[in-house]
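Close look at the chain arrangement
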Amino acid sequence: MIPAGVLVVAYLIGSIPFSFLVVKLTTGAATRQVGSRNVGATNVARSFGKLPGVIALILDIAKGYAAVAIAEWVTGSSQWPLQIGGDASPIHSRAFWVSLCGLIAVLAHVFPIWLRFHGGKGVATATGAFLALDPLAVAAGAIVFLIVLISSRFVSLASITAAASIPLFLRFLTHAPFWTIIISIVIAIVIIVKHHSNIARLAQGSERRMGERKE
């Protein structure tokens, strides 16, 4: 039951709707009824101010980090029931279980049980998960994010590009374990798919730039 339990814990941690809770506790408003109606730190910052947005961002990052950190601790303990070997078999790969918990946390943020499975886009939670998995790859991805953001001023485009770059950095920069790379690709796909409306607006030229007010 321990492998199933660690996945459940990862989901419960990832599904905590911090952006929703921060706004609800500080203003009494509902995040899903203002701005882009997205339960994420970007919408919180745009609609309720930078401070609530930063708090929500930090907490969303923290829950992704926590899910992976707990998985690393559990899979490394003597109580872990599965024999740990190389990366050939996912069942016996520690990297697989730890990375899978990161993916589960991201999916939990996107589909939280507490908000009837309508959550955010997973960028901050994925950042926290990747930070626990491989800080150097995250640092490289952050540079990509900043370059795209500064040059285009599109937060969505910067997020998509950075998410897509992480698997490449894991493979060619840090030489991460096989299953970490594979699951990072799945996480990147989830984030890109969740940005489908942003991608459509980017193609139409109607996506809002950073600092631009809604007309």
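Anyway, here's the lowdown on the structure attached to this text.

Conventions we followed
- Residues numbered from 1 in each chain as written.
- Predicted model: local features only at pLDDT ≥ 70, side-chain atom pairs only at ≥ 80, totals over all residues.
- Heavy atoms only, no water.
- Helix = DSSP H or I, 4+ residues; strand = E, 2+ residues; numbered from the N terminus.
- Rg over C-alpha atoms; globule rule 2.2 N^0.38 Å.
- Buried < 20%, exposed > 50% of the residue type's maximum accessible area, 1.4 Å probe, protein only.
- Contact = heavy atoms within 4.5 Å.
- Areas by Shrake-Rupley, 256 points an atom, 1.4 Å probe, with all protein chains shown as cover.
- Lys, Arg positive; Asp, Glu negative; His and termini not counted.
- Charge placed at Lys NZ, Arg CZ, Asp CG, Glu CD.
- Phe/Tyr/Trp six-rings, centres within 6.5 Å; stacked < 30°, edge-to-face > 60°.
- Core = buried A, V, L, I, M, F, W, Y, C linked by side-chain atoms within 4.5 Å.
- Patch = residues over 30% accessible without salt bridge, like charges linked within 9 Å, V, L, I, M, F, W, Y side chains within 5 Å.
- Salt bridge = Lys/Arg side-chain N within 4 Å of Asp/Glu carboxyl O.

Observations regarding the overall build of the protein chain
Secondary structure summary: the protein chain contains ten helices and zero strands in total. Reading the protein chain from its N terminus to its C terminus gives the helix and strand order α-α-α-α-α-α-α-α-α-α. Relative to the globule expectation of 17 Å for 215 residues, the C-alpha radius of gyration of the protein chain, 17 Å, shows essentially globular dimensions. Dimensions of the protein chain, computed from C-alpha atoms along their principal axes, come out at roughly 60 × 40 × 25 Å. Among the 215 residues that make up the protein chain, the fraction classed as buried is 44%. Sequence separation of 24 or more characterises 64% of the internal contacts of the protein chain that already satisfy a separation of 6 or more. Summed over its atoms, the accessible surface of the protein chain is roughly 11,100 Å², and 68% of this surface lies on carbon and sulfur atoms. For the protein chain, the centre of its 17 positive side-chain charges and the centre of its 7 negative side-chain charges are spaced 10 Å apart.

Side note on the environment of Met1
Turning to its location among the elements, Met1 is positioned in the segment before helix H1 (2-14). For the pair Met1 and Pro81, spaced 80 residues apart in the sequence, the C-alpha separation amounts to 8.8 Å.

Notes on the packing of aromatic side chains
Summed over the entire model, instances satisfying the criterion amount to four aromatic pairs. Considering the side-chain rings of Trp80 and Trp97, the 5.6 Å spacing of their centres and the 70 degrees angle between planes classify their relative orientation as edge-to-face. Of this pair, Trp80 sits in the loop between helix H4 (50-75) and helix H5 (94-110) while Trp97 sits in helix H5, and the two are 17 residues apart along the sequence. Trp97 carries the same exposure label as Trp80, and that label is buried. One aromatic cluster in this structure is built from Trp80, Phe96, Trp97, Phe178 and Trp179.

Remarks on the nonpolar core
Residues Phe130, Leu170 and Ile187 are the most contacted members of the largest nonpolar core, which totals 32 residues. Sorting the residues of this core by element identifies H1, H4, H5, helix H6 (123-133), helix H7 (135-152), helix H8 (155-172) and helix H9 (178-194) as the ones contributing at least two each. Looking at this core element by element, the count peaks at nine residues for H5. Not counting residues within four places of it along the chain, the set of residues in contact with Ile187 comprises Gly102, Leu103, Val106, Ala126 and Phe130. Among the nonpolar cores identified, the runner-up in size contains five residues, and Val144, Val148, Leu149 and Ala158 belong to it.

Considering a nonpolar patch on the surface
Among the surface-exposed residues, Val8, Leu12, Phe111, Ile113, Trp114 and Phe117 lie close enough to one another that they form a single nonpolar patch of about 600 Å² accessible area. Here Val8 is to be found in helix H1. For Val8, a relative accessible area of 45% translates into the label partly exposed.

Here we look at the environment of Pro81
Relative to the helices and strands, Pro81 is located in the loop between H4 and H5. Among all residues touching Pro81, those that are not within four sequence positions of it are Ile2 and Pro3.

Remarks on unusual backbone geometry
At Phe117, a residue that is not glycine, the phi angle is positive and equals roughly 65 degrees. Note that Phe117 resides in the loop between H5 and H6. For Phe117, a relative accessible area of 47% gives the class partly exposed. Phi at His175 is positive, roughly 50 degrees, even though this residue is not glycine. You can see His175 is positioned in the loop between H8 and H9.

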